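Listed below are the residues making up each chain.
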Amino acid sequence: MLLFARIEKGRDGMPDSAATESMPDSELAWMPPPYAEPGRFSEHEVTVGTGPFAVSGTVSVPRRQASGPGVVLLAGGGPFDRDETSGPNKPLKDLAWGLASRGTTVLRFDKATYAHRDVAAASDLTMTQEYVPHAVDAVALLRSHRSVDPERVFVLGHSMGGKVAPAVAVAAPTVAGLVIMAGDTEPMHHAAVRVVSYLAAVLPDQVPPAVIETFQRQAALVDSAELTPSTPAADLPFGLSAPYWLELRDYDPVAIAAGLSKPMLILQGGRDYQVTVANDLVRWRTGLAGRPEADIRVYEADNHLFFPGAGPSTPAEYGTPQHVDPAVIADIAHWLSHGQRCVRAAC
């Protein structure tokens, strides 16, 4: 089924950018969200990184005199563009325009796996290689921007971007804090089995039992001592390389975050079936319990893309034009401008 084929391509269980390229332009039309005020900011293009794997990005700059906070956006797993385009939706563009309208300078950029497809096909690719070098370069670029206070540059990651955000903060110690949106903590190969099982229950005509069995077999291989750097990617979930899974198997974002002395805003959608309150947020809550610098919030009506809705979430929601929850935008903007400073000052 085409719907599930799209889902299977995205490591987050989201349709990736490759899957949207064949959709008609009319279906891909994006309209600014009501909370975006284009007259309050300008945008310009930048290059993130150097050499053959440099990527293009966009900086959204508030029209104000004094320097203020800046934030680097990291997309979820898969070869996403700078907007995290998913069908007609652009959640990272929603975030960029919403936050820039409220005084934060925002840098978003195309992932290397989107801009350079040979990167995605590399047999030795790891999550660190996919994310961290460009994220570190983006932080440095934003710290030098005229509109940004260099001591107030944050990293905001969605889904896998949230998962890797603590590692970015380790690699770039100048990062002032983290915003983690639907950051997964459950081992991804286990989550893949859970997600396809959920989809088989809500979409039984589109997800046959054989799909679940395939993911179960692949997850068992990831867990086993038989996984080596030379294990064929075709035998592993999502066709990712063995080095990718070897790194992910031992990667613990909560433990890394717990070792940081930085403010963190951790957001979760209550209707998210990909990254869930029960399987992922619980680990953030447990690992960061008693840490005043960790502000954890749940938006009960929101799905994985932080689109509000009702009833069980399904992939069909991602194909309907929507925008990131206005409450999420407002909360992030306030936290970047005020909330995290209160944590530091214990106010």
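Along every chain, residues carry numbers that run from 1 in the direction the sequence is written. Two thresholds apply to this predicted model, a pLDDT of at least 70 for residue-level local features and 80 or more for giving and counting side-chain atom pairs, whereas whole-chain, interface and lining totals are computed over all residues. Hydrogen atoms and water are omitted, and side-chain values are computed over all heavy atoms in the structure.

A closer look at the overall build of the protein
How we decide: Every helix listed is a DSSP run of H or I at least four residues long, and every strand listed is a run of E at least two residues long, numbered separately from the N terminus. Three exposure classes are used, based on accessible area relative to the maximum for each residue type with a 1.4 Å probe and protein chains only: buried under 20%, partly exposed in between, and exposed over 50%. Contacts were defined at the residue level, with two residues in contact if any of their heavy atoms lie within 4.5 Å. Computed with the Shrake-Rupley method and a 1.4 Å probe, the accessible areas treat only the protein chains shown as cover for residues.
Of the regular secondary structure elements, the protein holds 14 helices and eight strands. Taken over 347 residues, the protein has a buried fraction of 58%. Considering only residue pairs separated by 6 or more positions, the protein has 73% of its internal contacts joining residues 24 or more positions apart. Taken as a whole, the protein presents about 13300 Å² of accessible surface, with 56% of it coming from carbon and sulfur.

Quick word on empty space enclosed by the protein
Here is the rule we go by: Cavity and pocket criteria rest on a 1 Å grid covering protein atoms alone: a 1.4 Å probe that fits but cannot get out defines a cavity, protein on both sides within 12 Å along at least 5 of 7 lines defines an open pocket, and an atom within 4 Å of a point defines a lining residue. Grid points are joined across faces, edges and corners, and a volume is the space filled by probe spheres set on the points. Under the scheme applied here, ten amino acids are nonpolar (Ala, Val, Leu, Ile, Met, Phe, Trp, Tyr, Cys and Pro), four are charged (Asp, Glu, Lys and Arg), and all others, including Gly, are polar.
Per the counting criterion, the structure on display carries three cavities of 30 Å³ or more. What the second largest cavity holds in volume is close to 60 Å³. Along the walls of the second largest cavity sit Leu73, Leu74, Ala75, Phe109, Lys111, Ala112, Glu130, Tyr131 and His134, which together make up its complete lining. Every element with two or more residues in the lining of the second largest cavity is listed here: β3 (68–74) and α7 (127–143). Ranked by residues supplied to the lining of the second largest cavity, first place goes to α7 with three residues. Among the residues making up the lining of the second largest cavity, the classes are represented as six nonpolar, one polar and two charged.

Brief notes about the packing of α7 against helix α11 (residues 242–250)
Quick note on the threshold: Helix axes use the C-alpha atoms of the stretch in contact, all axes being lines fitted to C-alpha atoms, and the angles between their N-to-C directions lie in the range 0 to 180 degrees. Should an angle fall under 35 degrees it is taken as roughly parallel, and over 145 as roughly antiparallel, whereas 65 to 115 is taken as roughly perpendicular and any remaining angle as oblique.
Where α7 meets α11, the closest approach of the two axes is 8 Å, and the angle between their N-to-C directions is 75°. Our classification of the angle between α7 and α11 gives roughly perpendicular. Contact residues: α7 offers Met127, Thr128 and Glu130, while α11 offers Tyr244, Glu247 and Leu248. A breakdown of the residues in the contact of α7 with α11 according to their chemical character gives three nonpolar, one polar and two charged.

Digging into the layout of surface pockets
Considering only enclosed or pocket space, the second largest pocket measures out at about 160 Å³ in volume. Along the walls of the second largest pocket sit Phe53, Ala112, Asp118, Val119, Ala122, Asp124, Leu125, Gln129, Glu130, Pro133 and His134, which together make up its complete lining. When residues of the lining of the second largest pocket are traced back to their parent elements, those giving at least two are α6 (117–120) and α7. When residues in the lining of the second largest pocket are grouped by element, the largest group, four residues, is from α7. Taken together, the residues of the lining of the second largest pocket sort by class into six nonpolar, two polar and three charged.

Some points on helix α4 (residues 91–100)
Burial analysis of α4 places 10 of its 10 residues in the buried class, which makes it a mostly covered element. Among the residues of α4, those classed as buried are Pro91, Leu92, Lys93, Asp94, Leu95, Ala96, Trp97, Gly98, Leu99 and Ala100.

What about the packing of aromatic side chains?
The following threshold applies: In summary, the pairing rule links any two rings of Phe, Tyr or Trp, Trp by its six-membered ring, whose centres are within 6.5 Å, and it sorts them by plane angle into stacked for under 30 degrees, edge-to-face for over 60 and tilted for everything else.
Tallied over the entire structure, the rule returns six aromatic pairs. Geometrically, the ring pair formed by Tyr198 and Tyr273 is stacked, given 4.7 Å between the ring centres and 15° between the ring planes. With Tyr198 in helix α9 (residues 188–202) and Tyr273 in the loop between β7 (264–269) and α13 (277–287), this residue pair connects regions lying 75 residues apart in the sequence. Connected via pairs of aromatic rings, a cluster forms that spans Trp30, Phe41 and Trp97.

With respect to the pairing of strand β4 (residues 105–109)
We count it as follows: A pair of strands is treated as paired once DSSP finds two or more bridges between them. When the strands point away from the viewer, a crossover counts as right-handed if the route from the first strand across the helix to the second turns clockwise.
Burial analysis of β4 places five of its five residues in the buried class, the great majority of the element. Residues Thr105, Leu107 and Phe109 of β4 are buried on one face, and the alternating residues Val106 and Arg108, pointing to the opposite face, are buried as well. Here strand β2 (residues 55–62) runs beside β4; their pairing, made up of four bridges, is antiparallel. Looking at the pairing, Thr58 lines up with Arg108 of β4. By the bridge criterion, three bridges tie β3 to β4 in an arrangement that is parallel. Each residue of the ladder has a partner; that of Val71, found in β4, is Val106. Crossover connection from β3 via α4 to parallel β4: handedness right-handed.

Points about the sheet that holds β7
In space, the eight strands of this open sheet follow the order β1-β2-β4-β3-β5-β6-β7-β8, with mixed pairing throughout. Lying at the two open borders of the sheet, with one neighbouring strand each, are β1 (41–48) and β8 (294–299). Between one strand and the next, the sheet's axes are offset by a mean angle of 20°, whatever the strand orientation. The pairing of β1 with β2 spans eight bridges and is antiparallel. Considered in β2, the bridge of Val46 is made with Gly57. Contacts from α7 reach β1, β2, β3, β4 and β5 (148–158) within the one sheet, and its direction differs from that of β5 by about 150°.

Structural notes on the confidence of the model for the protein
Applicable threshold: One confidence number per residue, pLDDT, is output by the predictor and ranges from 0 to 100.
Across the protein, the average pLDDT comes to 90, with 89% of residues at 70 or higher. The low-confidence segment residues 13–27, where pLDDT is below 50, has 43 contacts with residues more than four positions distant or belonging to other chains.

Section: the packing of α9 against helix α10 (residues 209–223)
Their axes nearest at 9 Å, the elements α9 and α10 cross at an angle of 170°. Considering their axes alone, α9 and α10 lie roughly antiparallel with respect to each other. Every residue of α10 that contacts α9 at His189, His190, Ala192, Val193, Val196, Ser197 and Ala200 is listed here: Val211, Ile212, Phe215, Gln216, Ala219, Val222 and Asp223.

Thoughts on the environment of Ala278
Its location among the elements puts Ala278 in helix α13. Here Ala278 falls in the exposed class, since its relative accessible area comes to 60%. When the C-alpha atoms of Ala278 and Glu186 are compared, they prove to be 9.9 Å apart, with 92 residues separating the residues in sequence.

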